Amino acid sequence: MKYCHIKAKLLSPLLIQRQRQPSARESIPYLPGSTLRGALAAKFFLVRGGPDHKDFRSLFLDNPACFPNLLPADEKGENCSQVLPITGISCKRDSGFKGEGKHGVKDILAVNAASRINDKPADEDFWKCPECREDMKPFSGFWNGDCRSPRKFEASSLYHRHTGIDRDTGTIAPSIFFMDQVVADFRKDDKSEEYHPQYLSGSMFIDEKQLEILETLIEDSLFAGAERTRGLGEIELSVKEIPYPESDIDGWNEQFKKRLQLFTEKDISSNTYFSIKLGSHAILTDRFLRPVSDIEEFSSPEFAQILKIVKPHTVRGWQSAWNMPKADDTGVAMGSVFLFQYKGDDPEHLKTFLKTLGIKGIGLRREEGFGRISVCDNLHIIEEEI
Ligand SMILES: [Zn+2]
């Protein structure tokens, strides 16, 4: 298996509909793995052959590659963008990282875990901005994952307006007006005022044979999302192998306990903690396929769930082959965070277990990018706001 960085350069604006409303469409700010996979499958039919082709089966069906969400990235698309955990908070007046001239970002996982351990609410002062004393509120989106030099990545929006056509006369229909909010194919740098192309990036595991097949599909541009016949959603993809970022679970545990000890008097020094963050929405079910918000892989007695901070999310989709909506799935939103205590006595086994889970992912529809996780996010162990 190879671990690869995959980036998309937007050659035209992108529209991935948030909802199925026809009159005022709004794009989500990234390219979901399911849409990427659909775009690549469509390209395969165009240049290589039908669904019975052995290469199609190899890449999409038999042992399918899990295509990642591609998230807004830096000016060159070199960064592997990450989802901010929903435990991140920032000032409601001037939200953002200090290094970017804003009031700073804090993380509430340790303080919330401590209030669970202490069985009493945390000091309200923690939720006040250290700069201006305003309340702090959740800080969501995408960033570079680097606590020493944090940067938030946001795509710009554009508005496309168009009129409706009367079916009988073939002319403009009165009172019918559509407005689409789309992801722009360029972005203006706030400081230098220069324009950059908009890149989206992500990472995936793929075997050598599948990578060769994928490379035959990205030699030239392809189209993703809605309104492709109007020229929207043209992207240029590139893939390159990168080293897999290992999580330092021991180091994280020590740092996290230091944070936790600031808020509790109980002795937690011999405990082992680790956290899981959803890097994409996850569709989690119990063994009867009923939706749940817990991770089944951690249901054994060697794990105790200390805390979960999760948001629900309805997963909608469009089945291009049938030209029909896919059934909605109830899922858990990206950025959701789980904190566990390891009660077993084999730390090496824990590390292997977490690494395997990071590679495999959790829940259903993983080949469409759902259920990606990351272990021990560094934002949870920052000592002060960044
Ligand atoms: Zn403030």
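Being a predicted model, the structure only gives us computed values, none of them experimental.

Outline the overall build of the chain, supporting the account with residue identities and numerical values.
Assigned secondary structure in the chain consists of 6 helices and 22 strands. For a compact globule of 386 residues, the expected C-alpha radius of gyration is about 21 Å, and the chain comes in at 22 Å, within 12% of that figure. Along the three orthogonal principal directions, the C-alpha set of the chain runs to about 75 × 50 × 40 Å. For the chain, the residues scored as buried account for 36% of the 386 residues in total. Sequence separation of at least 24 residues holds for 72% of the intrachain contacts in the chain that already meet a minimum separation of 6.

Account for the sheet that holds strand E6 (residues 105–107), with residues named and values stated.
Read from one edge to the other, the open sheet built from 3 strands follows the order E6-E5-E7, with strand pairing classed as antiparallel. Two strands bound the open sheet, and with one partner strand each, they are E6 and strand E7 (136–138). Averaged over all neighbouring strand pairs, the angle between strand axes comes to 40°, with direction disregarded. Pairing geometry for strand E5 (residues 88–91) and E6, over 3 bridges, is antiparallel. The residue of E6 that forms the bridge with Ser90 is Val105.

Tell me about the pairing of strand E21 (residues 337–342), and please be specific about residues and values.
Burial within E21 is extensive, with 5 of its 6 residues counted as buried. When strand E17 (residues 272–278) meets E21, the two strands line up antiparallel, connected through 6 bridges. Counterpart to Phe274 in the pairing with E21 is Phe340. Here 6 bridges tie strand E18 (residues 303–309) to E21, and the two strands are oriented antiparallel to one another. Each residue of the ladder has a partner; that of Ile309, found in E21, is Val337.

Talk me through unusual backbone geometry; I want residue IDs and the actual numbers.
With phi around 60°, Glu193 is a residue other than glycine that occupies positive phi space. For Glu193, the location among the structural elements is in the loop between strand E12 (186–188) and strand E13 (195–197). By C-beta crowding, Glu193 is classed as exposed, having 7 other C-beta atoms within 10 Å. Despite not being glycine, Cys376 shows a phi value in the positive range, around 55°.

Got a sec to walk through the sheet that holds strand E4 (residues 82–83)? Specific residues and values, please.
Here 3 strands make up an open sheet; going across it, the order is E4-E8-E9 and the pairing antiparallel. Two strands in the sheet have a free side with no partner beyond their single neighbour: E4 and strand E9 (152–153).

Describe the nonpolar core, listing the residues and the values that go with them.
Of all hydrophobic cores here, the largest spans 77 residues; its most connected members are Ala8, Leu14, Leu31, Leu70 and Leu200. Shared between two domains, this core takes at least three residues from each, and those domains are domain 1 (2–81 + 152–241) and domain 2 (249–381). Those residues in contact with Leu14, other than ones at most four positions away along the chain, are Ser27, Leu31, Val182, Val183, Ala224, Gly225, Leu232 and Gly233.

Go over the domain arrangement of the chain, please, and point to the residues and values.
By a frequent convention, interface size equals the accessible area lost on bringing the separate parts together. One can read the domain layout of the chain as domain 1 (2–81 + 152–241) and domain 2 (249–381). Tallying the contact residues gives 14 residues for domain 1 and 12 residues for domain 2. Classifying every residue of the side of domain 1 that touches domain 2 gives 8 nonpolar, 4 polar and 2 charged.

Outline the environment of Gly170, supporting the account with residue identities and numerical values.
The topology assignment puts Gly170 in the loop between strand E10 (157–165) and strand E11 (172–183). Considered as a pair, Gly170 and Phe223 are 53 residues apart in the sequence and their alpha carbons are 28 Å apart.

Run through helix H1 (residues 33–47), naming residues and quoting values.
With 15 residues, H1 extends 21 Å from end C-alpha to end C-alpha; this agrees with the ideal 21 Å at 1.5 Å per step. Among the residues making up H1, those that are buried are Gly33, Ser34, Thr35, Leu36, Arg37, Gly38, Ala39, Leu40, Lys43 and Phe44. Gly49 occupies a position one or two residues after H1 and carries a positive phi of about 150°.

For helix H4 (residues 208–217), give the residues involved together with the corresponding values.
Along H4, the residues classified as buried are Gln210, Ile213, Leu214 and Leu217. One side of H4 holds all its buried residues, which, seen down the axis, span an arc of 100°. Residues Glu208, Lys209 and Glu215 are exposed on H4 and point more than 90 degrees away from its buried face. Contact partners of the buried residues in H4: H1, helix H2 (54–61), strand E14 (199–206) and strand E16 (234–241).

Requested: an account of the environment of His103, with residues and values cited.
Structurally, His103 is set in the loop between E5 and E6. Through-space distance from the C-alpha of His103 to that of Ser90 is 7.2 Å; in sequence the pair is 13 residues apart. Filtering out sequence-adjacent residues up to four positions away, His103 remains in contact with Ser90, Cys91, Asp94, Cys129, Glu131 and Cys132.

Explain the packing of H2 against H4 to me, using residue names and the numbers behind them.
Direction vectors running N to C along H2 and H4 enclose 110°, while the axes themselves pass 10 Å from each other. As far as their axial angle goes, H4 and H2 are roughly perpendicular. Our pair here, H2 against H4, has a crossing hand that is left-handed. Taking contact as the criterion, the partners of Asp55, Ser58 and Leu59 in H2 are, on H4, Lys209, Gln210, Ile213 and Leu214. Along the lines of polarity and charge, the residues of the contact of H2 with H4 split into 3 nonpolar, 2 polar and 2 charged.

Kindly report on the pairing of E14, identifying the contributing residues and their values.
In terms of residue burial, E14 counts as a mostly covered element, since 7 of its 8 residues are buried. Of the pairings in the sheet, the one linking strand E1 (residues 2–10) to E14 comprises 8 bridges and is antiparallel in character. For Tyr3, the partnering residue across the bridge sits in E14 and is Phe205. Bridging between strand E3 (residues 71–72) and E14 involves 2 bridges; their strand directions are antiparallel. Residue pairing in the sheet places Leu71 in a bridge with Ser201 of E14.

Cut-offs used in this document
- The numbers attached to residues start from 1 for each chain and follow its sequence in the written order.
- Thresholds applied to this predicted model are a pLDDT of at least 70 for local features of residues and 80 or more for the giving and counting of side-chain atom pairs; totals over whole chains, interfaces and linings are not thresholded and use all residues.
- Here a helix means four or more residues in a row that DSSP labels H or I, a strand means two or more in a row labelled E, and each is numbered from the N terminus.
- When we talk radius of gyration, it's over C-alpha atoms, and the globule rule is simply 2.2 Å times the number of residues to the 0.38.
- Every C-beta atom is placed from the backbone, and the number of other C-beta atoms within 10 Å of a residue's own sets its class: buried at 20 or more, exposed at 12 or fewer, partly exposed in between.
- For every residue pair, C-beta atoms are placed from the backbone, and the pair is scored as a contact if these atoms sit within 7 Å.
- Paired strands, as defined in this entry, are two strands with at least two bridges between them according to DSSP.
- All axes here are fitted lines through C-alpha atoms, helices being fitted over the stretch that makes contact, and every angle between N-to-C directions spans 0 to 180 degrees.
- By our criterion, buried Ala, Val, Leu, Ile, Met, Phe, Trp, Tyr and Cys residues that link up through C-beta atoms within 7 Å make up a nonpolar core.
- An automatic or database domain assignment provides the domain bounds reported here.
- Residues are grouped as follows: Ala, Val, Leu, Ile, Met, Phe, Trp, Tyr, Cys and Pro are nonpolar; Asp, Glu, Lys and Arg are charged; every other residue, Gly included, is polar.
- Helices are assigned an expected span. That span is 1.5 Å times one less than the residue count.
- Directions from the helix axis toward the C-beta atoms define the arc.
- We call two directions roughly parallel when the angle between them is under 35 degrees, roughly antiparallel when it is over 145, roughly perpendicular when it lies between 65 and 115, and oblique otherwise.
- Crossing handedness is read from the near helix: turned anticlockwise from the far helix by less than a right angle, it gives a left-handed crossing, and turned clockwise, a right-handed one.

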